[in-house]
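Coordinates in review
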Amino acid sequence: MRTSRFLWKDAHGRHPLEISRTGGALDHYFHFILDLVWPLFRWKGGLSAFGPDTELQVLEPSELHFAQAMEGMLGLRMTIATQPEPRAPSGPVRLHGFNPRNGDHLQVFGSPPAFAAGRAAFVEALSLRWNAATGAPPAVVLIERTVVEGDRGGSRRRITQHARVAEELGQAAATAGVGFRNVVLESLNIREQFDLFHGGPVLLVGQHGAGLVNGIWMTHPRSAVIELAAADNPAHFSKLFPDLGMPYQRMEFPGPGEFMGGQMLQVDATALRRGIAEWAGRL
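Below is a summary of the structure that appears in this document. Sequence positions are assigned chain by chain, starting from 1 and proceeding in written order. In keeping with the predicted nature of the model, local features appear solely for residues at pLDDT of at least 70, side-chain atom pairs appear and are counted solely at 80 or more, and the whole-chain, interface and lining totals rest on all residues. Calculation of side-chain values draws on the structure's entire complement of heavy atoms; hydrogens and water are dropped beforehand.

The subject of this paragraph is the packing of aromatic side chains. Note on aromatic pairs: each is described by the distance of the centres and the angle between the planes. A pair of Phe, Tyr and Trp rings is counted when the ring centres sit within 6.5 Å of each other, with Trp represented by its six-membered ring. The angle between the planes then sorts it: under 30 degrees is stacked, over 60 is edge-to-face, the rest tilted. Inspection of every chain in the model, using the stated rule, returns 18 aromatic pairs. Consider the rings of tryptophan 38 and phenylalanine 115, whose centres lie 5.5 Å apart with planes at 15°: the pair is stacked. Taken together, the residues span a long stretch of sequence, with tryptophan 38 in helix H1 (residues 29–44) and phenylalanine 115 in helix H4 (residues 112–130) at a distance of 77 residues. Accessibility here uses a 1.4 Å probe with only protein chains present; expressed as a share of the type maximum, an area under 20% marks a residue as buried, one over 50% as exposed, and anything in between as partly exposed. For tryptophan 38, a relative accessible area of 1% puts it in the buried group. Since its relative accessible area comes to 0%, phenylalanine 115 is described here as buried. Ring centres of phenylalanine 98 and phenylalanine 115 lie 6.2 Å apart, and the angle between their planes is 85°; this geometry places the pair in the edge-to-face category. Placement of phenylalanine 98 in the loop between strand E5 (93–96) and helix H3 (104–109) and of phenylalanine 115 in helix H4 is noted, with a sequence separation of 17 residues between them. For the pair phenylalanine 98 and phenylalanine 115, one class covers both residues: buried. One aromatic cluster is present, built from ring pairs that chain together Trp38, Phe41, Phe98, Phe109, Phe115, Phe122, Trp130, Phe194 and Trp217. Put simply, a charge is over a ring when the Lys NZ or the Arg CZ is close to the ring centre, within 6 Å, and near the line of the ring normal, within 35 degrees. One cation-aromatic arrangement involves arginine 42 over phenylalanine 109; the distance from NZ or CZ to the ring centre is 4.6 Å. Of note, lysine 44 hangs over the ring of tryptophan 43, and the distance from its end group to the ring centre comes to 4.3 Å. Secondary structure elements follow DSSP: runs of H or I no shorter than four residues count as helices, runs of E no shorter than two count as strands, and numbering proceeds from the N terminus.

The next thing to look at is the side chain of asparagine 233. Position of asparagine 233 among the secondary structure elements: in the loop between strand E10 (224–229) and helix H7 (236–243). A polar side-chain atom of asparagine 233 sits 3.1 Å from a polar atom in the side chain of aspartate 232. For this analysis, a polar contact is any N or O atom pair within 3.5 Å, provided that within protein one partner can donate a hydrogen and the other can accept it, and provided that sequence-adjacent residues contribute only side-chain to side-chain pairs.

We now examine the sheet that holds strand E9 (residues 202–207). Strands in a sheet are paired, the pairing made by backbone hydrogen bonds, and the direction either parallel or antiparallel. Strand pairing requires that DSSP identify at least two bridges connecting the strands. Ordered in space as E8-E6-E9-E10-E11, the 5 strands form an open sheet in which the pairing is parallel. At either end of the open sheet lies a strand with only one pairing partner, and these are strand E8 (179–183) and strand E11 (248–252). Neighbouring strand axes in the sheet, compared pairwise and without regard to direction, differ in orientation by 15° on average. The pairing of strand E6 (residues 139–143) with E8 spans 5 bridges and is parallel. Axis definition: a line fitted to C-alpha atoms, limited for helices to the stretch in contact. Angles are taken between N-to-C directions and run from 0 to 180 degrees.

So, on to the side chain of serine 20. As for its placement among the helices and strands, serine 20 is situated in strand E2 (residues 13–21). Using a relative accessible area of 12% as the deciding quantity, one classes serine 20 as buried. Here histidine 96 takes part through its side chain, which lies 2.5 Å from a polar atom of the side chain of serine 20. Residues count as neighbours in contact if any of their non-hydrogen atoms are within 4.5 Å of one another. The residues touching serine 20, leaving out its near neighbours within four places in the chain, are Met1, Arg2, Thr3, Leu95, His96 and Gly97.

To continue, consider the sheet that holds E2. In space, the 5 strands of this open sheet follow the order E4-E3-E1-E2-E5, with mixed pairing throughout. Either end of the sheet is taken by a strand with one partner, and the two such strands are strand E4 (77–80) and E5. Neighbouring strand axes in the sheet, compared pairwise and without regard to direction, differ in orientation by 35° on average. Taken together, the 4 bridges between E2 and E5 define a ladder with parallel strand orientation. Along E5, the bridge assignment pairs isoleucine 19 with leucine 95. Where H1 meets the sheet, its contacts fall on strand E1 (2–10), E2, strand E3 (55–58) and E5, and the angle it forms with E2 comes to roughly 125°.

Right, here's the structure in full:
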C-alpha cells in the first residue's frame, strides 16, 4: 500500500501526516476525493476543525493540482512545505484512504451501512457549507471525456462518436420528460460539479473514469448511475455505488485500445435509451 506524506499545520504546531492508500496518483480526481479529502474530513469529525489557522503542506509540487478545490471544500489551504519535516516523538498521524475496487472502504468504515452513513455526513456538510440549492428537476447527465494535457482524461478512454450518442440520449430524455446535459467536467469548478449532481434526481451516465466519482454527491433517493465500460475496465464503481445503496448498472461495450491506452468505446445507445425510460418511469 502506497503512502502520501504531508505536513499538517494548525494552531498547535506542525506535524507529519501520512495517508495510506491503494490506487493511482492523488492528482486524479477519484483519488483526491477518496484518498485525501474525505479521509481528512472523517479524521477531523466535520468541517468545524478547518479554519484560517489550518494548512496542509505538501512535499511534492505536483500534489498542488487540486489546491483550489481543497480550499473550496474544506476551507483548508494547500501549500508547498518550506521547512524541514519535524521529527515528532510520537510519530506521524496515519490516516487511511479507500478504493472500493479493493474493498478497503469497508475495512475503513466496517460495513456498507456505516460507509453510506459516512457518505451522507460528508455530503451534507459540504451542502451546508455551500448553502447548496435543492429541488432541481430530474435530469440525465452524460460525461464527455475530452483530451487534456498529459496522460489523463480522454487520452486514456473516450466514446467513439460521442456527439451522436449525446444526441440520441438527449432525444430519449426529452421523450421521457426529463432534462439532459452533456458536460465536460474540466470546464466546471468543484462547486459547480457538486451543484450539478446534488440538486435533484440525476441519472449519471459516464464512461469508466474519475468523473464518475461525482456520483457520491448524488444523495437524492431517485438518483442512479450507469457506467459505460469495456471488459478490461476494473470494478471501482460496481462496489462503490451498490454499497452506498444507489441504483447502479454497468454496461459493457467493445472498442479498440486498452484500459490505460487510448481506449475508444463503441457505445450502442439502444440500451441506454431503455435505461433512461426505466429510470424516468420510477421518478
